[in-house]
Amino acid sequence: MADSNYHRPDSKKLQSLKDIAEKLRVHSIESTSAAGSGHPTTCMSAAEVMSVLFFHTMKYKVDAPKDPANDRFIMSKGHAAPILYAAWAEAGLFPVENLKNLRKIDSDLEGHPTPRLSFVDVATGSLGQGLSVAAGMAYTGKYLDKADYRTYCLLGDGESAEGSVWEAMAFASYYKLDNLVAIFDVNRLGQSQPTSLQHDMETYRLRCEAFGFNTYVVDGHSVEDLAKALHDASTVKDKPSCILAKTYKGRGAKGVEDLEGWHGKALGDKAQGALDEINGRIVNKGPHNIKIQAPSGEVKAKDLSKVKLSEPPNYKKGDKIATRVAYGTAIKKLGVNTDVIAVDAETKNSTHAQKFRDAYPDRFIECFIAEQNMAGVAMGCACRDRAVVFASAFACFLSRAFDQIRMGAISQTNVNFCGSHCGVSIGEDGPSQMALEDLALFRSVQGSTVFYPSDAVSMERAVEIAACTKGICFIRSSRPGTTVIYDNDETFAAGKAKVVFRHEGAKATVIGAGITLSSAIEAHDLLAKEGIHINVIDPFTLKPIDKDTIIEAAKASGGKIITVEDHYPEGGIGEAVSSAVAGETGITVKMLAVRELPRSGPPNVLLDMFGISANKVIEAVKSL
């Protein structure tokens, strides 16, 4: 779709954009040569795209790269980091001389972008993820901020083999994100061979249009064609746009351009010849005189540090309530804070995120059955502190999004994940629906906080604490009802366990959470009838874990600990507790966990069959 009101940049502006593109190539070659490694050829194919975006199309404040009003840019093909750094240097954010510090140990100009840099919103480099984040940013801009900033995402053609790219495109089309532009740098070559479509631009066009994108095929080395396509995209309503830029890897370097074998390599002895060739094409070798457009309006910063439940938990001790139900109640209570949003992967009637949707439909985002995209969208919504985000799904299916979650940690993102339907206690649905690895997954994520609330009261407080906790948070919720054991005014904190029962002369300390805390409590009561007393601990969080409380209780019970969990032994409660007491003398840990491939069946039967029922806890205590 062309805009008849388009004003072509004058010849001086066009020449400046051409010159800047060539300078970006020079910087990319020089910085990777100084580093002795990197990806100069994938930078060289994108030079005109970056020049037009940063020096003609985008509106942003150079001295405040993350101003909420700025247009957003995501470099999904993160190995092209050197040209991203070069663009910001040419824009004036920092001296171009600093580009020579690429990949040095004392420099934040890392091999792939991370938010250690003031101009990077999310870490990229694991391919196929940037467009989901960009879609979350664009959704936030259109529907939550209701602002006019636009979001641009540069993708490589090779990464379009990732399914998450097409998940993101389906999402962007469904939500009519006309403030989103995806730019594919179709340079034909992948890492080890040509891409599957190479320069078949027509197939790319048909695919993008089939996913509902307003699509342009352009010469990716023509600044005029790029400027016009980007302008025309800004006039389209109710459809996201895609620019398919036909480019050549290593553009401008003889003996390198469009040749295999140059991915991820500095140009070596080809560098000087390439630099001479490229510098020879620059007309204005001095500083450019382009004034970067500032945003047209202001978008207020937000303070997300004081999000609280609208009212305290309201439960009756002794009642049985599933923690997944309490999760829905809790996020609904948080929803009185207008900066809280919820996303879900079409499981909202099971995770109970439905409660939030019913109360605040304008702040609920349905991501459908696409967990990888859901994770990326959640991160995009959370960027620049625009929202407090809760993302929910069956815990087992979050494993599909582990790479996105891992990259979220590298991105220093603040997203709260809730995984329901954990363990064999879900019953008849069988092993494909049973999360038995989720605790290990989230405990392994750098800087994460892992909540495992055991009743409705602790679940509500876990949700409230997570809302104000930095980094990735995971909240594990259970399908069966568990008994309310805490008073509504009980206080909770991350890293602070609750001692449910403590006895002088206890024979062991039993540690469980969720459904297995119920097993521990039942075992406690039955053993007491025989005159055998045990301490029972609810850890509340497995990361951080309350080392001091566990060690104190263990020493008061003869150094004997029994952990019981609805999870595989690897990475769960048992290993968390074992790590906490490592180095302490006289403490032994016996781990009860699911040690075989489970099967369908009634929950109570499965708990017993796989060794984590109250009866099995009693047997373990007596064996000690």
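Residues numbered from 1 in each chain as written. Predicted model: local features only at pLDDT ≥ 70, side-chain atom pairs only at ≥ 80, totals over all residues. Heavy atoms only, no water.

Section: the overall build of the protein
Part 1 of the argument: Of the regular secondary structure elements, the protein holds 22 helices and 19 strands.
Part 2 of the argument: Relative to a compact globule of 624 residues, whose C-alpha radius of gyration would be 25 Å, the protein shows 28 Å and is just as compact.
Part 3 of the argument: Projected onto its principal axes, the C-alpha positions of the protein cover 90 × 50 × 40 Å.
Part 4 of the argument: For the protein, the proportion of contacts with a sequence separation of at least 24, taken over those separated by at least 6, is 78%. (Helix = DSSP H or I, 4+ residues; strand = E, 2+ residues; numbered from the N terminus. Rg over C-alpha atoms; globule rule 2.2 N^0.38 Å. Contact = heavy atoms within 4.5 Å.)

Examining the sheet that holds strand β17 (residues 541-543)
Part 1 of the argument: Read from one edge to the other, the open sheet built from seven strands follows the order β8-β7-β9-β10-β12-β11-β17, with strand pairing classed as mixed. Every interior strand has two partners, whereas the edge strands, β8 (364-366) and β17, have only one. Strand-to-strand twist in this sheet, taken as the mean axis angle between neighbours without regard to direction, amounts to 20°.
Part 2 of the argument: By the bridge criterion, four bridges tie strand β10 (residues 415-420) to strand β12 (residues 473-476) in an arrangement that is parallel. For asparagine 416, the partnering residue across the bridge sits in β12 and is cysteine 473. (Pairing = 2+ DSSP bridges. Axes fitted to C-alpha atoms, helices over the stretch in contact; angles between N-to-C directions.)

What to know about the pairing of strand β3 (residues 180-186)
Part 1 of the argument: Of all seven residues in β3, seven are buried, a share of seventy percent or more.
Part 2 of the argument: What you see with β3 is no split at all: Leu180, Ala182, Phe184 and Val186 on one side and Val181, Ile183 and Asp185 on the other are buried throughout.
Part 3 of the argument: Regarding the hand of the β-α-β motif, the stretch spanning strand β2 (residues 151-156), helix α6 (residues 163-174) and β3 is right-handed.
Part 4 of the argument: Note: β3 against strand β5 (residues 241-246), six bridges, orientation parallel. Across the sheet, isoleucine 183 pairs through a bridge with isoleucine 243, a residue of β5. (Buried < 20%, exposed > 50% of the residue type's maximum accessible area, 1.4 Å probe, protein only. Right-handed = clockwise from strand over helix to strand, strands pointing away.)

Here's the deal with empty space enclosed by the protein
Part 1 of the argument: Counted under the stated rule, the structure contains five cavities of 30 Å³ or more.
Part 2 of the argument: Roughly 140 Å³ of internal volume is contained in the largest cavity.
Part 3 of the argument: Taken together, 19 residues line the largest cavity, and the ones lying closest to its centre are Phe73, Ile74, Phe119, Val120 and Asp121.
Part 4 of the argument: Looking at which element gives the most residues to the lining of the largest cavity, the answer is strand β1 (residues 72-75), with four residues.
Part 5 of the argument: The residue makeup of the lining of the largest cavity, split by class, is 13 nonpolar, two polar and four charged. (1 Å grid on protein atoms, 1.4 Å probe; cavity = no way out; pocket = protein on both sides within 12 Å on 5 of 7 lines; lining within 4 Å. Points joined across faces, edges and corners; volume = space filled by probe spheres on them. Nonpolar A, V, L, I, M, F, W, Y, C, P; charged D, E, K, R; others polar.)

Overview of the side chain of serine 458
Part 1 of the argument: Structurally, the position occupied by serine 458 is in helix α17 (residues 456-467).
Part 2 of the argument: A polar contact is formed between the side chain of serine 458 and the side chain of aspartate 455, at a distance of 2.8 Å. (Polar contact = N/O pair within 3.5 Å; in protein donor to acceptor, adjacent residues only side chain to side chain.)

Quick word on the packing of aromatic side chains
Part 1 of the argument: Per the counting criterion, the structure on display carries 21 aromatic pairs.
Part 2 of the argument: Note on phenylalanine 54 and tyrosine 60: the rings are 5.8 Å apart at their centroids and 75° apart in plane angle, and the pair reads as edge-to-face.
Part 3 of the argument: We classify phenylalanine 54 as buried; its relative accessible area is 1%.
Part 4 of the argument: For tyrosine 60, a relative accessible area of 3% corresponds to the buried category.
Part 5 of the argument: On the numbers, 4.8 Å between centres and 90° between planes, the contact of tyrosine 174 with tyrosine 175 is edge-to-face. (Phe/Tyr/Trp six-rings, centres within 6.5 Å; stacked < 30°, edge-to-face > 60°.)

Here we look at the packing of helix α19 (residues 547-555) against helix α20 (residues 573-581)
Part 1 of the argument: Taken N-terminus to C-terminus, the directions of α19 and α20 make an angle of 80°; their axes are 9 Å apart at the nearest point. In terms of orientation, α19 and α20 fall into the roughly perpendicular class. On α20, the residues that touch Lys547, Ile550 and Ile551 of α19 are Val577, Ala580 and Val581. (Parallel < 35°, antiparallel > 145°, perpendicular 65-115°, else oblique.)

Quick notes on the environment of valine 62
Part 1 of the argument: Turning to its location among the elements, valine 62 is positioned in the loop between α3 (47-57) and β1.
Part 2 of the argument: The buried category is assigned to valine 62, whose relative accessible area is 18%.
Part 3 of the argument: Distance in space between the C-alpha atoms of valine 62 and glutamine 293 is 9.5 Å, their sequence separation being 231 residues.
Part 4 of the argument: Non-local contacts of valine 62, meaning those with residues more than four positions away in its chain, are made with Trp88, Ala91, Gly92, Leu93 and Ile292.

Considerations on the UniProt feature "domain: Transketolase-like pyrimidine-binding" (unreviewed entry) in the protein
Part 1 of the argument: Residues given the UniProt feature "domain: Transketolase-like pyrimidine-binding" (unreviewed entry) here are residues 321-484.
Part 2 of the argument: The annotated region residues 321-484 carries 40% helix and 20% strand content, and the separation between its end C-alpha atoms amounts to 7 Å. (UniProt positions renumbered as here; feature names shortened; annotations may be inferred.)

Points about the sheet that holds strand β15 (residues 508-512)
Part 1 of the argument: If you walk across this open sheet you meet the five strands as β14-β16-β15-β18-β19, and the pairing is mixed. The sheet is open, and its two edges are formed by β14 (498-501) and β19 (588-592), each paired on a single side. When the angles between neighbouring strand axes are averaged without regard to direction, this sheet yields 25°.
Part 2 of the argument: Strand direction decides the pairing type here: strand β18 (residues 560-564) and β19, joined by five bridges, are parallel. In the strand pairing of β19, isoleucine 562 is matched with lysine 590.
Part 3 of the argument: Running at roughly 170° to strand β16 (residues 534-538), α19 makes contact with β14, β15, β16 and β18 of the sheet.

With respect to the pattern of salt bridges
Part 1 of the argument: In this structure the tally under the stated criterion is 34 salt bridges.
Part 2 of the argument: Measuring nitrogen to oxygen at the nearest pair gives 3.7 Å for the salt bridge that ties arginine 357 to aspartate 358.
Part 3 of the argument: Judged by relative accessible area, arginine 357 falls into the partly exposed class, the value being 32%.
Part 4 of the argument: With a shortest N-O distance of 4.0 Å, glutamate 619 and lysine 616 are connected by a salt bridge. Here glutamate 619 and its partner lysine 616 are both found in helix α22 (residues 614-623), three residues apart, which amounts to about one turn of the helix.
Part 5 of the argument: Relative accessible area serves as the criterion here: at 24%, lysine 616 is assigned to the partly exposed category. (Salt bridge = Lys/Arg side-chain N within 4 Å of Asp/Glu carboxyl O.)

A word on the nonpolar core
Part 1 of the argument: Core analysis: the largest hydrophobic core is formed by 83 residues, its most contacted members being Leu131, Phe171, Leu177, Phe184, Ile365, Phe417 and Phe442.
Part 2 of the argument: Other than its neighbours up to four places away in sequence, leucine 177 contacts Ala135, Ala138, Tyr139, Lys142, Tyr143, Phe171, Ala172, Lys239 and Pro240.
Part 3 of the argument: By size, the runner-up hydrophobic cluster in this structure holds 54 residues, among which are Ala89, Val181, Ile243 and Ala245. (Core = buried A, V, L, I, M, F, W, Y, C linked by side-chain atoms within 4.5 Å.)

Observations regarding unusual backbone geometry
Leave glycine aside and you will find that most residues have negative phi; peptide bonds, for their part, are mostly trans.
Part 1 of the argument: In this model, lysine 543 is joined to proline 544 through a cis peptide bond whose omega is 0°.
Part 2 of the argument: Examined against the element boundaries, proline 544 turns out to sit in the loop between β17 and α19.
Part 3 of the argument: For arginine 188, which is not glycine, the phi torsion reads 80° and is therefore positive.
Part 4 of the argument: Relative to the helices and strands, arginine 188 is located in the loop between β3 and α7 (201-210).
Part 5 of the argument: Positive phi, close to 55°, is recorded for glutamine 412, a residue that is not glycine.
Part 6 of the argument: The topology assignment puts glutamine 412 in the loop between α15 (402-410) and β10.
Part 7 of the argument: Judged by its relative accessible area of 49%, glutamine 412 is partly exposed.

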